[in-house]
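Single-letter residue listing:
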Amino acid sequence: MRFFTEPPSKPLISLTPLIDIVFILLIFFMLASSFMDWRVIEIAVSTASVKSQSKDQPPLIVKVFQDGQVGISGKKYSIMSLIEQTRKNETDIENKTILLKPEEDVSLQVSIDVLQKFTLSGMTEVSFFIPLMKDK
Amino acid sequence: MKRRLIDMDEAEEVENTLPLINIVFLLLIFFMIAGVIEKSDLFDVNPPKSQVLTEKNDTAVKISMSKDDRFALEGVEYSMKELVAQLNGIADKNRPVEIKADAALDTHKLLLFLRELKKQKFKQATLLVSSKQ
C-alpha cells in the first residue's frame, strides 16, 4: 500500500517584502524615538524684589559666581560653608527666602547646580532674583 | 530530482531567517512602546541636568532658547522681538511657560526673559531639565 503525502506547499505571500518593511519601521522608530527623561524646575515669575518681602523676614540675596561659589555681603563662600555660616546666624533658615543673583556670564548649569544644592539642604524658598523693570 | 533539491534549499533559507524576523519584530515592538516620538528642535539645545525635579505639564507654552540667542516658540523660530509679540498674543496667561534653555546659556538672559514673562502677566514658568543620576 502506498501513501501519497502532499508536497509542502509554497507560502502564498513571500516573506521578503514583509521583512523589508519591518526593517524600515524598526529604523524609523530607532531614530525617531526619544528615551530622555525630561522633567521641569518651577521658577517663580513674580518679580522678587526686596521691597515685596515682609520686613520681618527679609530675603537673603546670594550672588552666584562662574566657578559655582556664592557670595553674600561681599564675601565669597562655597555653598556648604555659606549654609553652615547662615545656620549659625539664623535660627529659621529653612523657611528663609533665598534669592539667587547670578553674575554676568554665569552659565545656566552653574545656577541650577547652586539652586539644587540649596534645595537639597532643606531650604524650600529658593528662587532667582529677577531684575526689576526699568521704566522707559 | 534537481527540482526537489532546490525546493529544500529554499525551505532551509526561510527557516534560517525566522529567528531574525522574530528578533526584528521584538525590537520594533520595544521601540514602538518604550520610545516617545518627539518633534526635533530647530537648533541644538542641551538643557541642564538636575536632581530637583517635578513632572512636565503637556499644556504648557513651549519655548526653546539656544546659547547663541536663537529662540523658538512651539517649534517656530522667532527673533526676541517677534517672540515677545507672539507671547503677547496668547490670551490664556494661566498657561505655564515651559522653557527649554541650553545649559551653557548666560543665566542673565534667561532672567531677562522671565522679566518679560512677568511683564506679560504670565503666572507660571518652568525650566526643562534632564534628570541627573
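Residue numbering note: each chain is counted from 1, following its sequence as written. The order in which chains are written sets their letters, starting at A; the order in which ligands are written sets their numbers, starting at 1. Reporting in this predicted model follows two pLDDT cut-offs: at least 70 for local features of residues, and 80 or more for side-chain atom pairs to be given and counted; totals over whole chains, interfaces and linings ignore these cut-offs and use all residues. Heavy atoms from the whole structure form the basis of all side-chain values; hydrogens and water molecules are not counted.

**Some points on the overall build of chain A**
Part 1 of the reasoning: Elements are defined by DSSP. Helices are runs of H or I of four residues or more, strands are runs of E of two residues or more, and each kind is numbered from the N terminus. Helix and strand counts for chain A stand at 3 helices and 7 strands.
Part 2 of the reasoning: Walking chain A from its N terminus toward its C terminus, one meets helices and strands in the order α-β-β-β-β-β-α-β-α-β.
Part 3 of the reasoning: We call a residue buried when its accessible area falls under 20% of the maximum for its residue type, exposed when it is over 50%, and partly exposed in between, using a 1.4 Å probe and counting protein chains only. With 136 residues in all, chain A has 39% of them scored as buried.
Part 4 of the reasoning: Any two residues whose heavy atoms approach within 4.5 Å are treated as being in contact. Contacts in chain A between residues far apart in sequence, at least 24 positions, make up 66% of those at least 6 positions apart.

**Concerning the packing of aromatic side chains**
Part 1 of the reasoning: Only Phe, Tyr and Trp rings are paired, with Trp represented by its six-membered ring, and only when their centres lie within 6.5 Å; those with planes under 30 degrees apart are stacked, over 60 edge-to-face, the remainder tilted. Applying the stated criterion to the full structure yields 4 aromatic pairs over all chains.
Part 2 of the reasoning: Considering the side-chain rings of A:Phe35 and B:Phe31, the 6.0 Å spacing of their centres and the 75° angle between planes classify their relative orientation as edge-to-face. Remark: B:Phe31 occurs in helix α1 (residues 2-34) and A:Phe35 occurs in the loop between β1 (33-34) and β2 (38-44); the pair is interchain, linking two chains.
Part 3 of the reasoning: Residue classification places A:Phe35 among the partly exposed residues on the basis of a relative accessible area of 46%.
Part 4 of the reasoning: Members of the aromatic cluster, connected to one another through ring pairs, are A:Phe35, B:Phe30 and B:Phe31.
Part 5 of the reasoning: Positioned above the aromatic ring of A:Phe65, the side-chain terminus of A:Lys76 is 4.9 Å from the ring centre.
Part 6 of the reasoning: Only lysine NZ and arginine CZ atoms are considered, and such an atom sits over a ring when it is within 6 Å of the ring centre and within 35 degrees of the ring normal. Above the face of the A:Phe129 ring, A:Lys101 is positioned so that its terminal group lies 5.2 Å from the ring centre.

**Here we look at the confidence of the model for chain A**
Residue and element names in this part refer to chain A.
Part 1 of the reasoning: Within chain A, residue pLDDT values average 77, and 75% of them lie at 70 or more.
Part 2 of the reasoning: Every residue carries a pLDDT, the predictor's confidence in it, which falls somewhere between 0 and 100. Ranking the elements of chain A by mean pLDDT puts helix α2 (residues 79-89) last with 78 and helix α1 (residues 15-32) first with 90.
Part 3 of the reasoning: Across residues 48-52 the pLDDT falls below 50, and counting only partners more than four positions away or on other chains, this stretch makes 7 contacts in the model.

**Regarding the environment of B:Asn88**
Residue and element names in this part refer to chain B.
Part 1 of the reasoning: Mapped onto the fold, Asn-88 is located in helix α2 (residues 80-88).
Part 2 of the reasoning: Each C-alpha atom of the pair Asn-88 and Asp-44 lies 26 Å from the other, and the pair is 44 residues apart in sequence.
Part 3 of the reasoning: Apart from residues no more than four positions distant in its own chain, Asn-88 is found in contact with Lys-93 and Gln-120.

**Observations regarding the pairing of strand β3 (residues 61-65) of chain B**
Residue and element names in this part refer to chain B.
Part 1 of the reasoning: For β3, a buried count of 4 out of 5 residues is recorded, marking the element as mostly surrounded by other parts of the structure.
Part 2 of the reasoning: At least two DSSP bridges between two strands are needed for those strands to be called paired. When β3 meets strand β6 (residues 97-101), the two strands line up parallel, connected through 5 bridges. Residue pairing in the sheet places Val-61 in a bridge with Val-97 of β6.
Part 3 of the reasoning: Pairing of β3 with strand β4 (residues 71-73) involves 3 bridges; the strand directions are antiparallel. The partner of Met-65 across the bridge, within β4, is Phe-71.
Part 4 of the reasoning: Counted along the chain from β3 to the antiparallel partner β4, the turn is 5 residues long, and its residue Asp-69 has a positive phi close to 60°.

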